[in-house]
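If you want the building blocks of each chain, they are given just below.
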Amino acid sequence: MTDASNGVVVTGAARGIGRAIAELYAERGWRVLSADLSLPPNLRGQRRVKADVSTAAGRERIVRAAREMGGVQVLVNNAAFQGAHGSVLDVSERGWARTLNVNLTAPLLLTRALVDLLPRGAAVVNVASVQGLFAEPGNAAYNASKGGLVNLTRAMALDLAPHGLRVNAVAPGAISTEAVLQSITESDDPEQTRQDYEDLHALRRLGTPREVAQVVYFLGSEEAAFMTGAIVPVDGGMTASFMMAGRPV
Ligand code: NAD
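Described below are features of the structure shown in this document. Every value quoted in this text rests on a predicted model; they were computed, and no experiment measured them. (Residues numbered from 1 in each chain as written. Predicted model: local features only at pLDDT ≥ 70, side-chain atom pairs only at ≥ 80, totals over all residues. Heavy atoms only, no water.)

## Quick notes on the site of the ligand
For the record, the criterion: A cutoff of 4 Å decides nearness: a residue is near a molecule or strand if any of its heavy atoms lies inside that distance of it. Two N or O atoms count as a polar contact when they lie within 3.5 Å, although within protein this holds only if one can serve as hydrogen donor and the other as acceptor, and sequence-adjacent residues are included solely when both atoms are side-chain atoms. The method behind every accessible area is Shrake-Rupley, applied with a 1.4 Å probe, and residues are considered shielded solely by the protein chains displayed. By definition, any uninterrupted DSSP run of H or I lasting at least four residues is a helix, any uninterrupted run of E lasting at least two residues is a strand, and each is numbered from the N terminus. Residues are grouped as follows: Ala, Val, Leu, Ile, Met, Phe, Trp, Tyr, Cys and Pro are nonpolar; Asp, Glu, Lys and Arg are charged; every other residue, Gly included, is polar.
Residues in contact with the ligand amount to 27 residues; listed here are only the nearest, I17, D36, D52, N78 and Y142. Y142 places a polar side-chain atom, nitrogen or oxygen, 2.5 Å from an oxygen atom of the ligand. Considering the ligand on its own, with 830 Å² of exposed area, one finds that the protein chains cover 92% of that surface. Looking at the shell around the ligand, the elements with two or more residues in it are α1 (16–27), α3 (93–114) and α4 (140–160). Partitioning the shell around the ligand into residue classes produces 15 nonpolar, seven polar and five charged.

## Points about the packing of α1 against helix α7 (residues 209–220)
Cut-off, in case you're wondering: Throughout, an axis means a line fitted to C-alpha atoms (over the contacting stretch in the case of helices), and angles, computed between N-to-C directions, take values from 0 to 180 degrees. Oblique is the label for any angle not covered by the other classes, which are roughly parallel (under 35 degrees), roughly antiparallel (over 145) and roughly perpendicular (65 to 115). Crossings are classed by handedness, with left-handed meaning an anticlockwise turn of the near helix from the far one by less than a right angle and right-handed meaning a clockwise turn. Contacts: residue pairs with any heavy atoms within 4.5 Å of one another.
It is at 8 Å that the axes of α1 and α7 come closest, and there the two elements cross at 55°. With respect to α7, the element α1 is oriented oblique. Crossing geometry of α1 relative to α7 is assigned as right-handed. Between α1 and α7, the contacting residues are G16, I17, A20, I21, L24, Y25 and E27 on the first element and P209, R210, V212, A213, Q214, V216, Y217 and G220 on the second. Counted by class, the contact of α1 with α7 contains 10 nonpolar, three polar and two charged residues.

## Description of the pairing of strand β1 (residues 7–11)
Just so we agree on the cut-off: Any residue under 20% of the maximum accessible area for its type is buried, any over 50% is exposed, and the rest in between are partly exposed; the area is computed with a 1.4 Å probe on protein chains only. By this definition, two strands are paired if DSSP reports at least two bridges between them. A clockwise course of the path from the first strand over the helix to the second, judged with the strands pointing away from the viewer, identifies a crossover as right-handed.
When you tally the buried positions in β1, you get five out of five residues, the bulk of the element. Residues G7, V9 and T11 point to one face of β1 and V8 and V10 to the other, with burial holding for every one of them. Note that β1 and strand β2 (residues 31–36) share five bridges and pair parallel. Pairing of V10 across the sheet is with S34, part of β2. Of the crossover connections in this fold, the one passing from β1 over α1 to the parallel β2 is right-handed. As defined by bridge partners, β1 adjoins strand β4 (residues 74–77) across three bridges and the pair is classed as parallel. Within the sheet, the bridge partner assigned to V9 lies in β4 and is L75.

## Here we look at α1
Filter applied, for reference: Expected span of a helix, by definition, is 1.5 Å for each gap between consecutive residues, and there is one gap fewer than residues.
Taking 1.5 Å per residue, 12 residues should reach 16 Å; α1 reaches 17 Å between its end C-alpha atoms and fits that length. Summarising burial for α1: nine of the 12 residues are buried, a large majority. Of the positions making up α1, those classed as buried are G16, I17, G18, A20, I21, A22, L24, Y25 and A26. One or two residues past the end of α1 sits G29, with phi positive at roughly 90°.

## Observations regarding a negative patch on the surface
Which entries qualify depends on this criterion: Patches draw on residues past 30% relative accessible area with no salt bridge. Two like charges within 9 Å are joined, as are two nonpolar side chains (Val, Leu, Ile, Met, Phe, Trp, Tyr) within 5 Å. Salt bridges are defined as contacts in which a side-chain nitrogen from Lys or Arg sits within 4 Å of a carboxyl oxygen from Asp or Glu. The convention is simple: Lys and Arg are positive, Asp and Glu are negative, and His and the chain ends are not counted. Note that the charge is assigned to NZ on lysines, CZ on arginines, CG on aspartates and CD on glutamates.
Among the surface-exposed residues, D188, D189, E191 and D196 lie close enough to one another that they form a single negatively charged patch. Looking at the element boundaries, D196 is found in helix α6 (residues 190–199). Given the relative accessible area of 40%, D196 is considered partly exposed.

## Let's talk about unusual backbone geometry
A positive phi angle is found at R204, which is not glycine, with a value near 55°. Structurally, the position occupied by R204 is in the loop between α6 and α7. The exposure class of R204 is partly exposed, given its relative accessible area of 34%.

Just distances and angles here, no functional claims.
What follows is the structure, given as structure tokens:
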């Protein structure tokens, strides 16, 4: 559905899934406000703002730019910090705090800051993860942040329904972003690592950023008018099985 009068805010839009989301909206004629720590690429019809979503000043810059854009029909909370690896025994307090601030607290506070610009019928889409549904060893902070975002999505859906707003989330599996592809290339055995990633999914491949963007777009659209509080896996069947893609044993 193309509606040039619509505006969308996408956080973490400089690369990866966020960039694909911004590109899809721009292609479909939306006014796009892309926010990121570094300036997102310049797309047609797109405004860009350099902002850290975990700071009040960064969020204020986004709100100001969104107001100048003329309103927001869809907010996509996509930005995330994925750099604090560590188990429950050794994750640093600093890494834990940064992860929770960016991945969980910022979506709450940015949504709250923008709520006056969201008309009835507007939608929020949070980008969670399969790691918000299940945990991975050695990734405690990220697991906790995305698990929190999953249930925050439900809380937002309930609390914002009286305002006429819908809130849903996607839970992507492994997606072929620059960062994921780089981690495959830099591993000791790239071919095996890629195969291992692919085998996590029933469809035996990585997803593409575009495939996540398309579901985000749907959840933000009128086509999903009776959906709120839903967590939609975009994971090639990874979570369909309790044994990772039902690989025969
Ligand atoms: P990415 O690291 O490639 O891109 C994230 C972007 O967010 C970067 O441009 C980064 O600069 C920006 N960002 C980080 N912290 C920010 C902050 N404080 N303020 C503003 N911008 C900030 O990540 P990606 O792989 O494209 O992931 C996008 C989303 O999808 C994230 O929420 C991630 O958790 C989720 N996800 C990704 C995968 C995957 O396989 N790539 C799987 C499941 C979920």
